[in-house]
Amino acid sequence: MLNDDLKEILHIFNKFDISEEDQRRIFSKGIYFDFTYGNPDPKHRNKKLDVFGVWILLKTCVDYNININLKTLLHEPWAFEEESLVRFASEMQDRYNGVNEKKGQKIKHN
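All of the points below concern the structure found in this document. (Residues numbered from 1 in each chain as written. Predicted model: local features only at pLDDT ≥ 70, side-chain atom pairs only at ≥ 80, totals over all residues. Heavy atoms only, no water.)

## A word on unusual backbone geometry
With phi around 55°, D17 is a residue other than glycine that occupies positive phi space. By the element assignment, D17 lies in the loop between α1 (2-15) and α2 (20-29). Looking at D17, the relative accessible area reads 69%, which means it is exposed. If you check the backbone angles, H44 has positive phi at about 55° while not being a glycine. Summarising the element assignment, H44 is placed in the loop between β1 (31-33) and β2 (47-49). Residue H44 is classed as exposed on the basis of its relative accessible area, which comes to 57%. (Helix = DSSP H or I, 4+ residues; strand = E, 2+ residues; numbered from the N terminus. Buried < 20%, exposed > 50% of the residue type's maximum accessible area, 1.4 Å probe, protein only.)

## A few points about the pattern of salt bridges
What the rule picks out here adds up to six salt bridges. Across the salt bridge formed by R24 and E20, the nearest N and O atoms sit 2.9 Å from each other. Here R24 and its partner E20 are both found in helix α2, four residues apart, which amounts to about one turn of the helix. Across the salt bridge formed by R45 and E83, the nearest N and O atoms sit 2.9 Å from each other. With R45 in the loop between β1 and β2 and E83 in helix α5 (residues 83-97), this residue pair connects regions lying 38 residues apart in the sequence. (Salt bridge = Lys/Arg side-chain N within 4 Å of Asp/Glu carboxyl O.)

The structure is reproduced here in structure tokens:
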């Protein structure tokens, strides 16, 4: 349920001591990871995580005891060194949001 998800998102954000200002920015804009540093991206390395994707990334770090540089994640995402973790969170975000990127169609949930 969305209400429970939002509570858990706020819990994870507070666990990481993410400022209210940064939380508002994540809720409104998400985080864009430019792993190609502004160059063309034919392999689709660059990813944008919405609030649910950021939650998934942080929850994964908690669940698997992965240490990340939170300052880099929040303020310099182009320098974030965990590209595979971002890719994983992006894929899970797409599943969570029910979007099939290849076909651009909604996936039915039972």
